[in-house]
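Listed here are the chains, written in short residue letters.
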Amino acid sequence: MKTIFKLLLLIFFTGNITFAQFGPPMGGGGGNDGNGRNKNNAPQANMPNLEGNAPKGNSKITGYIIDSSATIAVEYANVSLINKVTKKPVDGTMADEKGKFSLSKIAPGNYKLTISFIGFESKVIDDLTIEKSKDVDLGVVKLATLNKMLDGVTVTAEKSLIEEKVDRLVYNAEKDMLAKGGDASDVLKKVPMLSVDLDGNVSLRGTTNIKVLINNKPSTIVASSIADALKMIPADLIKTVEVITSPSAKYDAEGSAGIINIITKKSSIEGMTLNIDSGVGLRASNLGLNGSYRSGKFGMTLGGFGRIFYNKAGTTLDQTTVKDGIPLLTKQSADAYDNGIFGRYNLGFDYEISKKQSINASVAFGTRNFNRDQDYITKSYANNVLNNTGLRNVDSKDVSNSIDVNVDYVRTFKPQQEWSISTQYSKNSLTNNFDADILNSNSELLNRQKNINGNTNQEITIQTDYQTPIKQNQLFEVGVKSISRQVDSDFRYLFAGSTGLFSTDAKNPAGLLNYKQNISSGYVSYAYSTKNKYTFKLGTRYEYTTITANDQKSDIAIPAYGNLVPSINISKTFGTTTLKLAYNNRIQRPGLQQLNPNVNLANAQNISIGNPNLKPEVSNNVELSISKNINRSYLNLSIFGRQTNNSIVRLSSPSDTLVGAIVTTYQNIGKQQTLGVNLFGNTFITPKWSVNGGVDMFYSYLDGQARNTDGTFSIINNSGITVNGRVSSQLSLDKGWGIQAFGGFRGNQIQLQGTSINTAMYSVGVKKDFNAKKGSIGLAAENFFGGMTMTSTLNSAQFNQVSINNIYNQNVKLTFSYKIGNMKFVEQKKSKSVKNDDVKGGEGN
């Protein structure tokens, strides 16, 4: 009975601060908005009843709350200010996600400040004297970990793996122990609403028309190929992944379905630190070193990461075409051996010019060296009779080097009133070459073929933004931006007979593309919150785009165009329930891989070519969502619809020159309509055991035009339902041990001419923290019962194609990380940055 009574006491007292520990399980912090509401529409912790007639003054109390053992912020800790004379609380607040708290309008007097949070001993600051018009900065306040709160009961505060904020969903990747040793695509597979295929292509609610940012900034490596860029970002350095399905007018209009913002870990500590992250696995190994130094107004970071990977894949291809009324069947099989080295290195500075002015500068270098050796065996049949067997050994090289340089300045006038200037220079140099040996059925060399393709993608961006509050419940934002972008591609084919002397390939002439794009834009945004918990955010953005382009033969006529892009976000909170309605208009410009006119003949039966005449696609998006906190659980249900006009789609047709081959290119054809629902949530079964997951289901309809055998075009369409899902669980044990498991599946992806079918993925891992969480060692296994398979089916009146891609990616990896240095927590300097959200990324290799 005594134990039961203590448990009841624990439930009673912790119940008053449930949302400080668990809630919202998917809701971030951020303090109050000045009207008693949490900024992220999350329910506040139940605060003590304040003294109604407490006098007001003009003094302020501030400070930072950190975990004394781990030197990290204690998020959402409760802060209560008590008048020592009346013994009654006069004010209270909650710390934000950085551990910062602030109490304003404090009258002169003697007070006691109490700080508490589940899992920590309460901190009492007694004899706190406030003088008239004088602020008090408490600096860093350390809370000691409390392991045993009651006999036999251990309570530990846990940050949720998934959070929902006002305008975005946040996946806290730093909580994901399974991601260590992998890359960004391994992290994105677990994020609600996202789907990643075997090549690393990312889709959001059924479309790859998205924009990926890194620390709120664009990069030319992303503009060239999202899949390639994700392989260059180590999972160990990712702090959070933000999914923004209804961006405000402040964001560039690009990204039909929305924006994915990858936030990397940053230093907010005083002193010198060094982080070591390493891993060894059956499929990849990595090493990362990241150091930081901060003293007073100056901060510097320096880091580097390298990853070596090796893998094996197998593909089969069955396709049928018709030539002069005769059915031609092609059967192809291939084994591929992949290996590569990825690296990313960064140097950053920030300096506080004054209390209201700061400047930030950074340089990031990226390198990618991907090699694939692939052996094709191709058998050709006419009227079901074998007439040819050919061998093709292809060595492909995908090499790139990128640089991003940023300089940003911020001038703060008062809270929420600021002006900023952001600049960026970004360049990515790419080489996509292959060498092919063509042999007969007896493995005798017939000839050789070589494709040399050099590309550059360069951007120069400058923008300025201003925002100011209006009273306590309104915010006005305005800004202008200019992007100057240049894309160049120079390609040629060389041919050699059995002599081995290469010369120009007459069948595949050389070519080039010079493509210049200038975008001028401006936006205005207005946010308004009411006392009855309505929030309105309205805005509009105008972008004007001019393009000049030419190839080796002539100029390419692409007219200039303007887009007016409105956005509306409305939310209403009812207790622990929040209802949201959003509408926005988005555009999607073609990326480098869609534009590049180089004919890729690495697989002579499955050819791809870009289209420099592509125009942007335009989409209209609407979303209605409801979210609710239920004790330790959180649920979110979203219904969304999207219509895209002038859609950029992949379109395949039989080759005019190579018998039995299929050529795939990109066209602005028809429209795409999507209607779907997302359901996701998480729950804390116990304070140490959490489970989260979600299901995405949507119906897609596409229509467009396809070429007939006589050269005319006919209307085609396709439709279907797609279901994706994921579930993960984390369990924290005593003495620093932790266990995590993940499982997910990717359903049919609907295309204009067919479908692609993916398979399931799963992983499980264990981690041990040691030396006060400064170090950790982990062991994880992925897809250990077999590899992954993706089947793609294309159908038309002219051809049928079935492609099966098997990746043997069973993996076991051992990871190790350690933090070195003496540090103390300080406020991170505020910064702005360039956000180019406007280019459609490539779709894999």
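Residues numbered from 1 in each chain as written. Predicted model: local features only at pLDDT ≥ 70, side-chain atom pairs only at ≥ 80, totals over all residues. Heavy atoms only, no water.

Q: Talk me through the overall build of the protein chain; I want residue IDs and the actual numbers.
A: In terms of regular secondary structure, the protein chain is built from six helices and 48 strands. Counting all 845 residues of the protein chain, 53% fall into the buried class. The long-range share in the protein chain, meaning contacts at least 24 apart out of those at least 6 apart in sequence, stands at 68%. Carbon and sulfur atoms form 57% of the exposed surface of the protein chain, whose accessible area is close to 36,100 Å². (Helix = DSSP H or I, 4+ residues; strand = E, 2+ residues; numbered from the N terminus. Buried < 20%, exposed > 50% of the residue type's maximum accessible area, 1.4 Å probe, protein only. Contact = heavy atoms within 4.5 Å. Areas by Shrake-Rupley, 256 points an atom, 1.4 Å probe, with all protein chains shown as cover.)

Q: Quick rundown of the environment of Phe120? Include the residues and the values.
A: With respect to the element layout, Phe120 can be found in the loop between strand S5 (109-116) and strand S6 (123-130). Judged by relative accessible area, which is 12%, Phe120 ranks as buried. For the pair Phe120 and Lys142, spaced 22 residues apart in sequence, the C-alpha to C-alpha distance is 9.8 Å.

Q: Run through the packing of aromatic side chains, naming residues and quoting values.
A: This model, assessed by the stated rule, comprises eleven aromatic pairs. Taken together, a centroid distance of 6.2 Å and an interplanar angle of 40° make the contact between Phe298 and Phe349 tilted. Of this pair, Phe298 sits in strand S19 (residues 298-323) while Phe349 is found in strand S20 (residues 326-354), placing the two residues 51 residues apart along the sequence. What makes Phe298 partly exposed here is its relative accessible area of 31%. Judged by relative accessible area, which is 36%, Phe349 ranks as partly exposed. Their ring planes at 80° and their centres at 5.2 Å tell us that Tyr762 and Phe784 sit as a pair that is edge-to-face. With Tyr762 in strand S43 (residues 760-770) and Phe784 in the loop between strand S44 (775-782) and strand S45 (788-795), this residue pair connects regions lying 22 residues apart in the sequence. Residue Tyr762 is classed as partly exposed on the basis of its relative accessible area, which comes to 25%. Looking at Phe784, the relative accessible area reads 39%, which means it is partly exposed. Three or more aromatic residues joined by ring pairs make a cluster, and in this case those are Phe309, Phe342 and Phe370. Sitting over the face of the ring of Phe502, Lys450 holds its NZ or CZ atom 4.6 Å from the ring centroid. (Phe/Tyr/Trp six-rings, centres within 6.5 Å; stacked < 30°, edge-to-face > 60°. Lys NZ or Arg CZ within 6 Å of the ring centre and 35° of its normal.)

Q: Could you give an account of the sheet that holds strand S1 (residues 56-67), with specific residues and numbers?
A: Taking strand neighbours across the sheet as the criterion, the three strands line up as S4-S1-S7 in an open arrangement whose pairing is mixed. Looking at which strands have only one partner, the edges of the open sheet turn out to be strand S4 (100-106) and strand S7 (136-143). Put simply, the sheet's adjacent strands are angled 20° from each other on average, direction ignored. Sheet topology note: the S1/S4 ladder contains six bridges and is antiparallel. Paired with Lys56 across the strands is Ile106, a residue of S4. (Pairing = 2+ DSSP bridges. Axes fitted to C-alpha atoms, helices over the stretch in contact; angles between N-to-C directions.)

Q: Kindly report on the nonpolar core, identifying the contributing residues and their values.
A: Residues Leu188, Val202, Ile210, Ile238, Val241, Ile260 and Ile262 are the most contacted members of the largest nonpolar core, which totals 27 residues. Broken down by secondary-structure element, the contributors of at least two residues to this core are strand S11 (169-171), helix H3 (184-188), strand S12 (194-196), strand S13 (202-204), strand S14 (210-214), helix H5 (226-231), strand S15 (238-244) and strand S16 (258-264). Counting 23 residues, the second largest nonpolar core, distinct from the first, contains Ile61, Phe101, Phe120 and Val136. (Core = buried A, V, L, I, M, F, W, Y, C linked by side-chain atoms within 4.5 Å.)

Q: Could you give an account of the environment of Asn584, naming the residues involved and the relevant values?
A: With respect to the element layout, Asn584 can be found in strand S31 (residues 577-588). Considered as a pair, Asn584 and Ala257 are 327 residues apart in the sequence and their alpha carbons are 9.9 Å apart. Look past the residues within four positions of Asn584 in its chain and what remains in contact with it is Thr245, Ser246, Pro247, Pro566, Ser567, Ser619, Asn620 and Asn621.

Q: Explain the sheet that holds strand S2 (residues 78-83) to me, using residue names and the numbers behind them.
A: A sheet is described by the order of its strands in space; here four strands give the open sequence S3-S2-S5-S6, paired in antiparallel fashion. A single partner strand is all that each edge strand has here, and the edge strands are strand S3 (89-94) and S6. Each strand axis lies, on average, 20° off the axis of its neighbour in the sheet, ignoring direction. With six bridges connecting them, S5 and S6 associate as antiparallel partners.

Such coordinate-based values are descriptive only and should not be taken to indicate function.
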